[in-house]
Structure formats: C-alpha cells, structure tokens
Amino acid sequence: MSETQGKICLVTGSNSGIGKQTALSLAKMGAHVVMLVRNPERGEKARSEIVKQTGNSSVDLMICDLSCMEAIRHFTQEFKKKYSKLDVLINNAGAMFSKREVTSEGFERTLAVNYLAPFLLTHELLDLLKSSAPSRIINVSSGLAKNGNVNLDDLQSEKNYRGTKAYSRVRAPVYANTKLMVMMFTYELAKRLIGTGVTANVLLPGFVATNLGKNSGSLSSALMFKMVRPMQVNPKKGAETSVYLASSNEVTNMTGKCFAKKQEITTCPISYDKELQKQLWNRTEIILGLSDKNNKKQIPS
Ligand SMILES: NC(=O)c1ccc[n+]([C@@H]2O[C@H](COP(=O)([O-])OP(=O)(O)OC[C@H]3O[C@@H](n4cnc5c(N)ncnc54)[C@H](OP(=O)(O)O)[C@@H]3O)[C@@H](O)[C@H]2O)c1
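To start, this report covers the structure provided alongside it. (Residues numbered from 1 in each chain as written. Predicted model: local features only at pLDDT ≥ 70, side-chain atom pairs only at ≥ 80, totals over all residues. Heavy atoms only, no water.)

### Structural notes on unusual backbone geometry
Just so we agree on the cut-off: Strands here mean DSSP runs of E at least two residues long; helices mean DSSP runs of H or I at least four residues long; both are numbered from the N terminus.
Look at the link from A133 to P134: it is a cis peptide, with omega at 5°. Following the sequence through the fold, P134 ends up in the loop between α4 (109-131) and β5 (135-140).

### A few points about the packing of α4 against helix α9 (residues 274-287)
Two numbers describe a pair of packed helices, the interaxial angle and the distance between the axes. Our working rule: Angles here are taken between N-to-C directions and fall from 0 to 180 degrees, while the axes themselves are lines fitted to C-alpha atoms, restricted in helices to the stretch in contact. Roughly parallel means an angle under 35 degrees; roughly antiparallel means over 145; roughly perpendicular covers 65 to 115; every other angle is labelled oblique. Here a residue-residue contact requires only that any non-hydrogen atoms of the pair lie within 4.5 Å. Three categories are distinguished: nonpolar for Ala, Val, Leu, Ile, Met, Phe, Trp, Tyr, Cys and Pro, charged for Asp, Glu, Lys and Arg, and polar for the others, with Gly belonging to the last.
Where α4 contacts α9, the axes come no closer than 11 Å and their chain directions differ by 85°. Looking at the two axes, α4 sits roughly perpendicular to α9. Along the contact surface, α4 presents Y115, L116 and F119, while α9 presents L280, W281, T284, E285 and I287. Of the residues that constitute the contact of α4 with α9, the class distribution is six nonpolar, one polar and one charged.

### Quick notes on the pairing of strand β2 (residues 32-37)
Which entries qualify depends on this criterion: Relative accessibility thresholds used throughout: buried, under 20% of the residue-type maximum; exposed, over 50%; partly exposed, between the two (1.4 Å probe, protein chains only). Note: two strands are recorded as paired if DSSP finds a minimum of 2 bridges between them. Clockwise travel from the first strand over the helix to the second, with the strands pointing away from the viewer, marks a crossover as right-handed.
β2 sits mainly inside the fold: five of its six residues count as buried. Two strands pair when backbone bridges link them, and β2 and strand β3 (residues 59-63) are joined in this way by five bridges, in the parallel orientation. Bridge pairing in β3 links V33 to V59. The parallel pair β2 and β3 is bridged by helix α2 (residues 40-54), and the resulting crossover is right-handed.

### Some thoughts on the pairing of β5
With respect to burial, β5 is a largely interior element, six of its six residues being buried. Of the strand pairs in this sheet, strand β4 (residues 88-91) and β5 are connected by four bridges, and their pairing is parallel. Pairing of L89 across the sheet is with I137, part of β5. What joins β4 to β5 is α4, and the crossover it makes is right-handed. One ladder, built from six bridges, connects β5 with strand β6 (residues 198-204); its direction is parallel. When the sheet's bridge partners are listed, I138 is paired in β6 with N201.

### Concerning α9
Stated formally: Under the convention used throughout, the expected extent of a helix is 1.5 Å for every residue step, that is, one less than its residue count. Here a polar contact is recorded for every N or O atom pair within 3.5 Å, except that within protein the pair must consist of a potential hydrogen donor and a potential acceptor, and residues adjacent in sequence are included only if both atoms are side-chain atoms.
Here α9 spans 20 Å end to end across 14 residues, near enough to the 20 Å set by a 1.5 Å rise per residue. Every buried residue of α9 is listed here: L276, Q277, L280, W281, T284, E285 and I287. Against the buried residues of α9 lie α4 and α5 (174-192). Here α9 starts with a cap whose side-chain oxygen sits 3.1 Å from the backbone nitrogen of E275, and that cap is D273. Phi for G289, located one or two positions after α9, is positive at around 70°.

### Considering the pattern of salt bridges
Using the following cut-off: By definition, a salt bridge exists where a carboxyl oxygen of Asp or Glu is found within 4 Å of a side-chain nitrogen of Lys or Arg.
Inspection of the entire model under this criterion finds 13 salt bridges. The partner of R47 in a salt bridge is E44, and the shortest N-O contact between them spans 3.0 Å. On the criterion of helical spacing, the pair formed by R47 and E44 is a turn pair, its members being three residues apart in helix α2. R47 gets classed as partly exposed once you look at its relative accessible area, which sits at 21%. Since its relative accessible area comes to 34%, E44 is described here as partly exposed. For E264, the salt bridge identified is with K257, shortest N-O distance 4.0 Å. Overall, the relative accessible area of 44% leaves E264 in the partly exposed class.

### What to know about the environment of N114
With respect to the element layout, N114 can be found in helix α4. In this structure N114 touches G94, A95, Y175, T178, K179 and V182, once residues within four positions along its chain are discounted.

### Details of the side chain of N201
Note that N201 resides in strand β6. Given a relative accessible area of 4%, N201 falls into the buried group. For N201, the side chain forms a polar contact with the main-chain oxygen of M254, separated by 2.9 Å.

Shown next as structure tokens:
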C-alpha cells in the first residue's frame, strides 16, 4: 500500500496544468484529493476526468477565488467543517496579468493570487496541519524568482508595475517578485514550524506547457507563450517535483528547502536574507489584518 493512501491532500488551482496533473498523480496513489478551484464548471470537468482516469472516487471539489481574501477565510471554515485533518497542502495556483488590476479588497491582483493567497490559506489551515502532523506544505514558485525583488514600500506595485509584457526583459515582472515572496515566505515559515512536525518546502516546476500566461490579458504575451511551447515540458513532467514532495519518504524530515527536478537546489542570494524574510512576513501580516487584534486590514499605500 502506498504511503499516500488515504492522505488528505489539498491542491489549489487543480483544474488545469501542473495542479491538475498533481491532483491526478496523487489520486492515482490513493490519496483523498481536495481540488480548490475558482470555476465550478472547469473544476467539475477536471474532477470527473481525474476520477475516470484513476478509478479513485475520493476526489472532492471545493470552490474558492484566491484573489479574494474573504473567500479564502470562508473556504477554510468550510474545509474545517468537512475535514478533521489535512496531510498535505499544495499552494499551486498562480497567474500572470499584463496590466495592473486591483481587487475589490484593494490588492494588486498578481500579489493577491500568487503571494497573499498562499500566505493566508496556509495561515488559516495551520492549526489543522499541526494537529495532523506529520504534515507537509508545498509552495510552487518559479525560476523567474531569481529576477525578482521585494520592495516593502511598494508591495502593491503602484509605483512600478511590470506585467507580462516585461516577461523577457531584463527587469523582472511583478509575477517574478511574487514568486520570490513565495520562496521567502516558505523559508520563514519552515523556521517558525520547527518542532511542530509540519514541513514547508518550495519548488520550481520548470518551463511547462500549461495555460499560464494565456489569459494574461495581453495578446503579445499569449503569442509569446505559443512560440515557446516547443521548449516546454508537459504537465506530467512539470508536476513531478510537486508529487515527489507530497508523497516521498525521502523528504519526510526535510524543511525550508527548494527543489527542482526532485533535487534540492540553492536559490538566489536575496531569498536567504533572513531579515528581509522576517520583514516581509510582518508586513504581510499587517496587510492581511493578521497582526492586529481587531483584525482590521491595513492596505498599504
Ligand atoms: N507553466 C510554467 O512554466 C510555470 C513555471 C514556473 C512556475 N509555474 C507555476 O506553476 C503553478 C501552476 O501554474 P500552471 O503553469 O499549471 O498554469 P495554469 O494551467 O494556468 O494553472 C493555474 C491554476 O491556477 C488557478 N488560478 C488562477 N487564478 C486563480 C484564482 N484567483 N483562484 C483560484 N485559482 C486560480 C487556475 O484556475 P483557472 O483555470 O480557473 O484560471 C489554474 O487552475 C503557478 O503557481 C505558476 O506560477 C508555472
């Protein structure tokens, strides 16, 4: 019997690309997979395909738009009503946008989906992960993180928004910044979780043929993604490291590490800046209203 048999694995953004393949592979190993998706129709289509292909009917669908922090809080309440344990959380969902957009809650959309969402989802599920220990948190970053930077005074990219059109230029798009933040969040989280039995690791999936960038709102970036398709690996290959970190005994006690191609790797020097990791964490708690006793959000200017 596989070690993953019966484990409850929550995979965000699992109706498409790397997330869908991750959900499928874990379902194949006998896990109880919970698919967090934002669109019920796309979600159900993927869920039924996974059930059909794996023969595992323990694949659940839960709806949540990760650009909305209120929706995440609601989701975690519903999740806890349904499930009394959580063995693996995979923060996989991500998106790119060509133009700066602000959500109804006042957050720049790339920051909200790619960074604030995994931070808040993890925060809200941490008690469950701790009581389910040994348990694992797996965050999906990107090789582009090495081009990113963290400007604590402009987390919302009001002064300098670089969308997907900036993808191939020297200065990094906001997407890269959010992926660097995911990395630094993972390293800080791992430190804070020492002794709890909950591990936190981050991964780079490689260059994968998925829907990423297709719906960025920019025709030129959609075209660019089409052109680079021959250089990309398929989602099955792209999901290998996520599945490895979720299921392998080899990483049971590994935490605070970054992986690519199922191997531990070193990331860019700034990602290991302990002071910046701490400052980013504190700033994020303030933005999300997690450090304030009254739970009042402070949207940064
Ligand atoms: N593909 C690559 O080469 C590559 C490289 C490095 C890192 N990554 C990372 O890998 C992860 C998976 O991306 P992918 O390449 O598989 O792209 P994808 O096919 O576009 O999948 C992204 C998933 O995230 C979901 N998502 C986006 N916004 C959401 C929201 N507001 N609420 C809930 N779910 C949302 C999408 O749902 P919808 O279908 O409803 O939009 C989709 O299921 C992302 O974190 C991405 O940054 C990808």
